[in-house]
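Each chain, letter by letter, is given below.
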There are 2 protein chains.
Amino acid sequence: MTAVESYIELIRRTREAATLGSCASVLGWDERVYMPRAGSSFRGDQMALLAKMAHEMSIAPEVGEALAAVEGSDLVRDPETDAAVNVREIRRAYDRSVKLPKALVEELARVTTRAQQAWQEARQANDFPSFRPWLEKVVALKREEAQAVGFKEHPYDALLDEYEPGTTASEIKQVFAGLSAELVPLISAISESKRKPDKQILQRDFPVELQKVFGTSAAAAIGFDFSAGRLDVTTHPFCSGIGPGDCRITTRYNPRFFNESLFGILHEAGHGLYEQGLDPEHFGAPLGSYCSLGIHESQSRLWENQVGRGRPFWEHFFPRAQQIFVDALSGVKFDDFYFAINEVKPSFIRVEADEATYNLHIILRFELELGLMSGDLKPADLPGAWNEKFSRMFDLTPPDERQGFLQDIHWSMGGIGYFPTYTLGNLYAAQFMTQARRDLEGLEDDFRRGDFLRLKTWLNEKIHRPGRRWRANDLCKRITGKPLGHKALIHHLRDKYAMLYGTTTMITG
Amino acid sequence: MTAVESYIELIRRTREAATLGSCASVLGWDERVYMPRAGSSFRGDQMALLAKMAHEMSIAPEVGEALAAVEGSDLVRDPETDAAVNVREIRRAYDRSVKLPKALVEELARVTTRAQQAWQEARQANDFPSFRPWLEKVVALKREEAQAVGFKEHPYDALLDEYEPGTTASEIKQVFAGLSAELVPLISAISESKRKPDKQILQRDFPVELQKVFGTSAAAAIGFDFSAGRLDVTTHPFCSGIGPGDCRITTRYNPRFFNESLFGILHEAGHGLYEQGLDPEHFGAPLGSYCSLGIHESQSRLWENQVGRGRPFWEHFFPRAQQIFVDALSGVKFDDFYFAINEVKPSFIRVEADEATYNLHIILRFELELGLMSGDLKPADLPGAWNEKFSRMFDLTPPDERQGFLQDIHWSMGGIGYFPTYTLGNLYAAQFMTQARRDLEGLEDDFRRGDFLRLKTWLNEKIHRPGRRWRANDLCKRITGKPLGHKALIHHLRDKYAMLYGTTTMITG
């Protein structure tokens, strides 16, 4: 085979594996949205089979052979060509996969399936001891995984690399340290402010059917394409990019709380816009895949927070919300509504946290994960470490384990290294949005008219279409001229809360 | 490997192939129920990949080796044991699969995909010439398939064997001839009867939401388990048995016609009860699979027609329907309603036909298919042959091709041999129901109380749990003491219409 033939075969195999993975996406979506209760056990069999077959495809020796035949050929001499980019990233994924011993992969699958069950029960019963042996197993296996994959500085880097290719723990530490140094005093100032929003405004009757109409129209307004997507109801909302022409978002409706579904829909639609913006010609190949989880999250946070919790957005949508939710909102003043949806208040549950305190939840988890992976923190000591850190950072003590370190599913499913991508998303979102405002003059006037097309097109071009061409931080530098930092997010938060809470905090840069 | 080990491996492989097939079932259901429009092309890629992989699994040489290692061993000496039954049927399917050349399988997949598109367009435009070359290709390939599979008497037998294992064209010819000889005079007598139902009763406002409530409650009443199933909306209703604990039925609602969704739901729920009644321990293996399409259809027809269009059923449900559809039914008399839902009237469209004339539609198609497969009928001559036969049998001439030979999808998808299973279903249903009434005294009193449990349990035991243990006709003999015949269906129809239309036709046996 020539190098070109090998490359074609490589892409064919990569695409085939992605297509099989996309079948699992359909089944995963169905499981969480429509599957009848009694189908759960068999669905596990189906998912396990697809995972096994996809893994076999990803480590097939033919992939390694095709890679070897292409690498060093003229086809990839220029590292900027499509072929070179695809080969670089397929190599990266292949090396990672083949480094993992089959026994470890199977053991991880088995243990995390059972650990998730144990976690669910432990969480309901506030019973850490029953989960502890599973957490210990998971952590031990993840440390083994890190050893198998290899790392330069910290075992955490090996796990992070799966979600955030090329980013290291020490880079994150540095960015998080800068963020924390400015965020903590800002949150303190807000807590001490005499101004408080009237959150009751948002806790009235918001009929589910009307929320659906409003949320759907908001998602369509920002550009989510419903001819190539859906919105359904689930317990823990998610976005599933199945493949070209098919991306599905989900939400849950709380008939007595406005924020939950609307901001959730904007968040998932932001993920959905990324998926819908990927290049379908490159489906399955790195050039048609998302860059990193942090960049993916930047797209959801950008629409949810940077746009969706902004004044210009609501200058357009608030009158429309008042027309739809007549009983709840007709007598409400714009400023009161806007303040209410932007309340900052330290709380126990990460997924319910506001735009500012959310990041403290992540920093806490990141620090604990570093300890778990280095071995400095024993899983058995996690509850104490969590509560100690939480009290210090939030000035609150979790009343129980469910509202403490048992609240998230991530550790039980082996997702150590995943949490920081959420705050990376917030940071990237702020930095991208700052740049978008520079590139697109009068952007917020667009929003005031309910027009989000220029921003969506900018994101499509700058972030979605390149796929995995550049690593996250390189993408950030190309777009914003700077590596990822904490300044853009801090400026955004400081400006917003200065208006709302009258807070002024020291500007350090 | 010992014979036992080979058997375990054989079952493991069979089950794995079925599990992969069930993933395609989820995607197929999704495609017809929820998939966004733009996802269609990629869904084709997903389905093609799963079909290719499932086919590769089914013809794996390891299956042949395991079969050879088990056959002739003590494990299968007694042909009544579970192992012997499974091995017998896995051998049958394996031999059929390996006989088909890979090139033919791929060509059939390619041609039928495009032929279905051509059929859809030709049907809309009443344009047979554009479909004719595709029909010719399909028929030629199916004749090739019959040669590859092999047959004793008629090439049609080779195709029939896929849907109705062990049943031959000559057997069907004989049963259909008996049926036709008695059905045609009965339908004539009905046509000549002065009594006519007032069908307007059923063409009033039946709000979709209320139809959904009523249809769901009817499906639940006959025993469809909604904790292990769902009911959704689609264009061409179907039942999809995905796997243990997961079976999904679908319907379509016509807000101005009562019959369409209610009898459709009973029909699909009948299929669903069969799927839900299969032995989950044997999932994927022949003992956990349906016996034949004819037997599957017998379950849908039994609930739709034998039970659902019967007086006792409506003695329970009509007062309930009146409570739900107040505007449409409150002033309607029971006898008028019962007559209206049992109207017999020759018409052009098979899927809209009544319980009696439906079978003429099938007999017509069966006779044409025999000609196509023997070569006596050229695809080009199909329109003429259809219209000639139709006029003779129905005393009506199709006004166009859409209401004539272009109405069904089956031929474009290569489903020659499928049609007769619909009338086999009607025949089996009548024969089973006659036996059930003998075995279960006072059964119709159960129905009058809205209690269908004894019948469901009888079907579970006699038909569902045995899976593919016996061939269809052997199952019929075991349950009813007789091979399949036309008498039970004719008696059922004659009794019903004697009451409604006052018809008396000569009893020939």
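Residues numbered from 1 in each chain as written. Chains lettered and ligands numbered in written order. Predicted model: local features only at pLDDT ≥ 70, side-chain atom pairs only at ≥ 80, totals over all residues.

Draft legend 1. Structural detail: the overall build of chain A. The helix and strand inventory of chain A stands at 21 helices and three strands. Expected size for 509 residues packed as a compact globule is a radius of gyration near 23 Å; at 23 Å, chain A falls within 12% of this value. Here the analysis covers contacts within chain A between residues at least 6 apart in sequence; of these, 72% occur between residues at least 24 apart. (Helix = DSSP H or I, 4+ residues; strand = E, 2+ residues; numbered from the N terminus. Rg over C-alpha atoms; globule rule 2.2 N^0.38 Å. Contact = placed C-beta atoms within 7 Å.)

Draft legend 2. Structural context of the interface of chain A and chain B. Listed per partner, the contact involves 29 residues of chain A and 29 residues of chain B. Counting only elements with at least two residues in the side of chain A that touches chain B, the list comes to helix 1 (3-33), helix 2 (40-58), strand 1 (229-233) and strand 2 (239-243) of chain A. Here the side of chain A that touches chain B is composed, by residue class, of 14 nonpolar, nine polar and six charged. (Nonpolar A, V, L, I, M, F, W, Y, C, P; charged D, E, K, R; others polar.)

Draft legend 3. Examining the environment of L266(A) more closely. Residues and elements named next belong to chain A. Relative to the assigned elements, L266 resides in helix 10 (residues 258-277). The exposure class of L266 is buried, given the 27 C-beta atoms found within 10 Å. Each C-alpha atom of the pair L266 and G284 lies 26 Å from the other, and the pair is 18 residues apart in sequence. Not counting residues within four places of it along the chain, the set of residues in contact with L266 comprises A218, W303, E304 and G308. (Buried ≥ 20, exposed ≤ 12 C-beta atoms within 10 Å, placed from the backbone.)

Draft legend 4. Focus on the relation of the copies chain A and chain B. Mapping chain A onto chain B calls for a rotation angle of 180° and an axial translation of 0.0 Å; the resulting RMSD is 0.0 Å. The superposition of one copy onto the other is thereby described by a two-fold rotation axis. Looking at the interface residues of chain A, 100% of them are also at the interface in chain B, so both copies use one shared face. (Least-squares fit on C-alpha atoms with pLDDT ≥ 70 in both.)

Draft legend 5. Spatial organisation of the sheet that holds strand 2 of chain A. Residues and elements named next belong to chain A. Pairing is mixed in the open sheet, where three strands are placed in the order 1-3-2. Among the strands making up the open sheet, the edge pair consists of strand 1 and strand 2. Looking at each pair of strands side by side, their axes are set apart by 20° on average, direction ignored. In this structure, strand 1 lies alongside strand 3 (residues 246-251), joined through five bridges in parallel fashion. Within the sheet, the bridge partner assigned to V233 lies in strand 3 and is T251. (Pairing = 2+ DSSP bridges. Axes fitted to C-alpha atoms, helices over the stretch in contact; angles between N-to-C directions.)

Draft legend 6. Just the domain arrangement of chain A, in detail. Residue and element names in this part refer to chain A. By domain assignment, chain A separates into domain 1 (3-99) and domain 2 (201-346 + 424-501). Taking the mean C-alpha position of each, domain 1 and domain 2 sit 29 Å from one another. On the side of domain 2, 15 residues touch domain 1, which itself brings 17 residues to the contact. Only helix 1 and helix 4 (82-99) provide two or more residues apiece to the side of domain 1 that touches domain 2. Here the element with the most residues in the side of domain 1 that touches domain 2 is helix 1; it accounts for 12 residues. (Domains from an automatic or database assignment.)

Draft legend 7. Quick look at the environment of S292(A). Residues and elements named next belong to chain A. You can see S292 is positioned in the loop between helix 10 and helix 11 (293-307). You can call S292 buried: it has 26 C-beta atoms within 10 Å. For the pair S292 and A472, spaced 180 residues apart in sequence, the C-alpha to C-alpha distance is 6.3 Å. Residues in contact with S292, not counting those within four places in the same chain, are Y163, E164, P165 and A472.

Draft legend 8. Focus on the sheet that holds strand 2 (residues 239-243) of chain B. All names here are of chain B. One open sheet holds the three strands; their spatial order is 1-3-2, and the pairing between them is mixed. In the strand order of this sheet, the two ends are held by strand 1 (229-233) and strand 2, each with one partner. Taken over all neighbouring pairs, the strand axes of this sheet differ in orientation by 20° on average, direction set aside. Against the sheet, helix 1 (residues 3-33) makes contact with strand 1, strand 2 and strand 3 (246-251), and its axis sits at roughly 145° relative to strand 2, the strand it touches most.

Draft legend 9. Looking closely at the nonpolar core. Formed by 101 residues in total, the largest nonpolar core has its most connected members in I265(A), A269(A) and Y428(A). Once you skip the residues sitting within four places of it in the chain, I265(A) turns out to touch G215(A), A218(A), A219(A), L231(A), I249(A) and T251(A). Core analysis: the second largest hydrophobic core is formed by 100 residues, V139(B), L186(B), F419(B) and Y501(B) among them. (Core = buried A, V, L, I, M, F, W, Y, C linked by C-beta atoms within 7 Å.)

Draft legend 10. Structural view of the environment of A228(B). All names here are of chain B. Its location among the elements puts A228 in the loop between helix 9 (208-222) and strand 1. Judged by the 21 C-beta atoms lying within 10 Å of it, A228 is buried. Expressed as a C-alpha distance, the spacing of A228 and K199, which sit 29 residues apart in the sequence, is 36 Å.

Draft legend 11. Highlighting unusual backbone geometry. One non-glycine residue with positive phi stands out, namely N126(A), at about 50°. With respect to the helices and strands, the residue N126(A) is situated in the loop between helix 5 (102-125) and helix 6 (128-149).

Draft legend 12. Examining helix 19 (residues 453-464) of chain B more closely. All names here are of chain B. Compared with an ideal rise of 1.5 Å per residue, which puts 12 residues at 16 Å, helix 19 spans 14 Å between its outermost C-alpha atoms and falls more than 12% short. Taken together, the buried positions of helix 19 are occupied by L455, L459, I463 and H464. When helix 19 is viewed along its axis, its buried side chains cluster within an angular range of 95° and face the same direction. Within helix 19, the exposed residues directed more than 90 degrees away from the buried face are L453 and E461. Each element contacted by the buried residues of helix 19 is listed here: helix 10 (258-277), helix 11 (293-307), helix 17 (420-439), helix 18 (443-448) and helix 20 (472-480). (Expected span 1.5 Å × (residues − 1). Arc of directions from axis to C-beta.)

Draft legend 13. Region of interest: the pairing of strand 3 of chain A. Summarising burial for strand 3 of chain A: six of the six residues are buried, a large majority. In this antiparallel pair of consecutive strands, strand 2 of chain A and strand 3 of chain A, the connection spans two residues, and G245(A) shows a positive phi of 80°.

Draft legend 14. Just the packing of helix 8 (residues 169-192) of chain B against helix 21 (residues 487-501) of chain B, in detail. Residues and elements named next belong to chain B. With their axes 11 Å apart at the nearest point, helix 8 and helix 21 run at an angle of 10° to one another. With respect to their mutual orientation, helix 8 and helix 21 come out roughly parallel. For the pair helix 8 and helix 21, the contacting residues are L179, E182, L183, L186 and I190 in the first and L489, I490, L493, R494, Y497 and Y501 in the second. Its residues assigned to classes, the contact of helix 8 with helix 21 comprises nine nonpolar, no polar and two charged. (Parallel < 35°, antiparallel > 145°, perpendicular 65-115°, else oblique.)

Draft legend 15. Looking closely at helix 2 of chain A. Taking 1.5 Å of rise per residue, 19 residues should cover 27 Å, and helix 2 of chain A covers 27 Å from first to last C-alpha, within 8% of that figure. All buried positions along helix 2 of chain A are accounted for by F42(A), R43(A), Q46(A), L50(A), M53(A) and S58(A). Looking down the long axis of helix 2 of chain A, one finds its buried residues gathered within 150° of arc, a one-sided arrangement. Among the exposed residues of helix 2 of chain A, those oriented more than 90 degrees off its buried face are S40(A), S41(A), G44(A) and E56(A). Structurally, helix 2 of chain A contributes buried residues whose contacts are with helix 1 and helix 4 of chain A together with helix 1, strand 2 and strand 3 of chain B.

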